[in-house]
Amino acid sequence: MDSDYTETARALGHLKRVLKTCRRLLILAHDNPDPDSIAGAVALKHLVWERFGIRSTVSYGGIVGRAENRAMLRLLRIKMSPVHRIPLRRYRHIALVDTQPKTGNNSLPLELEPTVVIDHHPLRRDTKAPLVDVRPEYGAVATILTEYLQECGCKIPTPLATALFYAISSETQALGREAGEADTRAYLSLFPLANKKHLARIQRPSLPKSYFNVLDRSLLGAATYKNVVVARLGTVKVPELAAEVADLLVRMERITWALCLARHGDRLVLSIRTTNVKAKAGRVIQRLVGRRGRAGGHNMMAGGWLDGTGLSEAQKDRLEEEMVNKFLGLVGHREVSVMRPLLEDAEV
Ligand SMILES: [Mn+2]
C-alpha cells in the first residue's frame, strides 16, 4: 500500500525468523503501563499465537493504577502478570513493547537482551536486539501492532480492537496530539470493530475518593509563572496521577508548559506536558533529571523519576524546589523570583 506497510511486512518476516526456536515468549510492557503499552503487548501476544503458534505471557513492572486502565483490563478481560511473579531468566525470548532497554521505565534486568523491541519513542543508542522496530513518527505503538495484525490478515477480536482503539485514542488525544497518517488509518479501521459501550465505560470509570483528594491538594499547591504551571502532588498511590494532573493543567489559558511532581515510594515522579507541538519535552525532562534518575518522552509529553532513597522529607522538599527552578530555566525563565499561587490567580 505504501512505505509503512512495506516496513511492516519486512518486520513481520523478521519476527517470524527471530522467534523460530521460541517455545514461549515473554512480552514486557513498560512500568506502570499505560493503555498503549497494554494494548500493544496483548496485540503481540495475539499475533504470535495466531500466526506462529507461540504462547506468551504479558508482564509489567509497577502497578496498573489509573481507574481507566483498571477498567480496560477488567472489561476487556486482559491478563497481565506482575513482573515479580515471573521467572524472567527462564525465558529465552523477551519482547519489549512501548519501551526500550535501559530506559529506566521497564523491568527488564540490565544484563538481559530482548529478542524483540517494538516502540515509538526516539531510538536509543543502547537499543540492540535481533528485531528492532522503532517508529518515532508514530503516535502510538498500538498503531504499529495494528498494522502487523492487518498485514498478516489476522482477525482482530472485539476486545483487542477495543483495546487498540482506546490506546491510540488516549495516547494521541483522539488523534489531536502527535498523531500521524498511520495512526489515523489504524484508528479509523479499528473503530467499527470496537465495543462502544466498553469504550465509554473505560473512558469514564468510577474514581476512588483518593483521586479527588490528590486533585484538591494539587490545585491548592499549584503555582504559575507567565506561561508555566507547576503542581506538587505530594505522596500518591498511583504514580500516573502526575501525568493526569499535568494533562489537566496544561489546558489552562495562556499556559504552554505544565510540570507535575509526585512522591511514590522512594521516587520523585515528574511529568511534563506542553502545548507546543515542536517542544521536545522528552529532551527537556532528560536535561531536568540529568544523571539523578531516568526520563524520556515525546514532543508534547514526557515523564521520568529521580531516586529519593534515603532522603528526609525536608531534603525531598528541597529537591522538588530545585527541580521546579531548573525547569523554569530550561523553558526560558532564568530570573524567576516568585511564582503565583494558581488559586489566587483567578481573576479573568
Ligand atoms: Mn506509547
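Criteria and cut-off values
- Residues numbered from 1 in each chain as written.
- Predicted model: local features only at pLDDT ≥ 70, side-chain atom pairs only at ≥ 80, totals over all residues.
- Heavy atoms only, no water.
- Helix = DSSP H or I, 4+ residues; strand = E, 2+ residues; numbered from the N terminus.
- Buried < 20%, exposed > 50% of the residue type's maximum accessible area, 1.4 Å probe, protein only.
- Contact = heavy atoms within 4.5 Å.
- Areas by Shrake-Rupley, 256 points an atom, 1.4 Å probe, with all protein chains shown as cover.
- Lys, Arg positive; Asp, Glu negative; His and termini not counted.
- Charge placed at Lys NZ, Arg CZ, Asp CG, Glu CD.
- Donors = N, O, S within 2.8 Å, 3.2 Å for Na, K, Ca; no water.
- Expected span 1.5 Å × (residues − 1).
- Phe/Tyr/Trp six-rings, centres within 6.5 Å; stacked < 30°, edge-to-face > 60°.
- Lys NZ or Arg CZ within 6 Å of the ring centre and 35° of its normal.
- Pairing = 2+ DSSP bridges.
- Axes fitted to C-alpha atoms, helices over the stretch in contact; angles between N-to-C directions.
- Salt bridge = Lys/Arg side-chain N within 4 Å of Asp/Glu carboxyl O.

Q: Could you give an account of the overall build of the protein chain, with specific residues and numbers?
A: Within the protein chain, the secondary structure is distributed over 11 helices and 13 strands. Taken over the C-alpha atoms alone, the protein chain extends approximately 60 × 40 × 40 Å along its principal axes. Within the protein chain, the fraction of its 348 residues that count as buried is 54%. Intrachain contacts of the protein chain at a sequence separation of at least 6 include 64% that bridge at least 24 residues. In the form shown here, the protein chain has an accessible surface area of approximately 17100 Å², with 51% of it arising from carbon and sulfur atoms. Each charge class in the protein chain was averaged separately, 52 positive and 37 negative side chains, and the resulting centres sit 6 Å apart.

Q: Explain the coordination of the manganese ion to me, and be specific about the residues and the numbers.
A: Protein coordination at the manganese ion: the donors are D36 (OD), D98 (OD), D98 (OD), H120 (NE2) and E171 (OE), at 2.1 to 2.7 Å from the metal. Donor residues for the manganese ion, ordered by position in the chain, follow D-x61-D-x21-H-x50-E. Taken as a pair, D98 in the loop between β4 (93-97) and β5 (116-119) and E171 in helix α5 (residues 158-171) lie far apart in primary sequence, 73 residues in all.

Q: Tell me about helix α11 (residues 313-330), and name the residues and values.
A: Along its 18 residues, α11 runs 26 Å from first to last C-alpha, staying within 8% of the 26 Å computed at 1.5 Å per residue. Three or more residues of α11 are buried, namely K316, L319, E320, M323, V324, F327, L328 and G329. If you follow the buried residues of α11, they end up packed against β7 (223-225), β8 (228-235), β9 (257-264), β10 (267-274), α10 (281-289) and β12 (301-307). Phi turns positive one or two residues past the end of α11, at G332, with a value near 105°.

Q: Please provide a residue-by-residue account of the packing of aromatic side chains, values included.
A: With the rule as written, the count across this model stands at 4 aromatic pairs. With a centroid separation of 5.3 Å and an interplanar angle of 50°, the aromatic rings of F165 and F191 are classed as tilted. In this pair, F165 is assigned in helix α5 and F191 in the loop between α6 (181-190) and α7 (196-203), connecting sequence segments 26 residues apart. Classification of F191 by relative accessible area gives partly exposed; the value is 41%. Each ring, one from Y211 and one from F212, has its centre 5.3 Å from the other, and the planes form 80°; the classification is edge-to-face. Here the aromatic residues F165, Y187 and F191 are joined through ring pairs into a cluster of three or more. Between the NZ or CZ atom of K196 and the centre of the ring of F191, over which it lies, the distance is 4.7 Å.

Q: Summarise helix α3 (residues 67-75); cite the residues concerned and give the values.
A: Of all 9 residues making up α3, 7 are buried, and the element is well covered by its neighbours. For α3, every residue scored as buried is listed here: A67, E68, N69, A71, M72, L73 and L75. For α3, the elements touching its buried residues are α2 (35-52), α5, α7 and α9 (241-249). Immediately beyond the C-terminal end of α3, within one or two residues, lies R77, with a positive phi of roughly 50°.

Q: Give me the lowdown on the pairing of β10, citing residues and values where you can.
A: For β10, the buried fraction is high: 7 of the 8 residues fall into the buried class. When β9 meets β10, the two strands line up antiparallel, connected through 8 bridges. Directly across from C260, in β10, lies its bridge partner S271. Where β9 folds back onto β10 in an antiparallel hairpin, the turn is made up of 2 residues, including G265, whose phi is positive at roughly 60°. Sheet topology note: the β10/β12 ladder contains 7 bridges and is antiparallel.

Q: Run through the sheet that holds strand β2 (residues 55-60), naming residues and quoting values.
A: Spatial strand order, β3-β2-β1-β4-β5-β6: 6 strands in an open sheet with parallel pairing. Each edge of the sheet is formed by a strand with only one pairing partner; in this case those strands are β3 (81-82) and β6 (131-134). Against the sheet, α2 makes contact with β1 (24-28), β2, β4 and β5, and its axis sits at roughly 170° relative to β2, the strand it touches most. The strands touched by helix α4 (residues 141-151) are β4, β5 and β6; relative to β5, the strand with the most contacts, the crossing angle is about 115°.

Q: Could you give an account of the sheet that holds β10, naming the residues involved and the relevant values?
A: Across a sheet, paired strands are connected by hydrogen bonds in the backbone, their directions being either parallel or antiparallel. What the 7 strands build is an open sheet, ordered β11-β12-β10-β9-β8-β7-β13; its pairing is mixed. Strands with a single pairing partner mark the edges of an open sheet, and in this sheet they are β11 (293-297) and β13 (340-341). Against the sheet, α11 makes contact with β7, β8, β9, β10 and β12, and its axis sits at roughly 165° relative to β9, the strand it touches most.

Q: Can you tell me about the pattern of salt bridges, naming the residues and giving the values?
A: Tallied over the full model, the rule gives 16 salt bridges. Close ionic contact of R135 with D133 constitutes a salt bridge, the shortest N to O distance being 2.9 Å. Accessibility classification places R135 together with D133 in one group, the buried group. Ionic pairing is found between R263 and E320, a salt bridge with its closest N-O pair at 3.0 Å. In this pair, R263 is assigned in strand β9 and E320 in helix α11, connecting sequence segments 57 residues apart.

Scope: geometric values only; no functional claims are made or implied.
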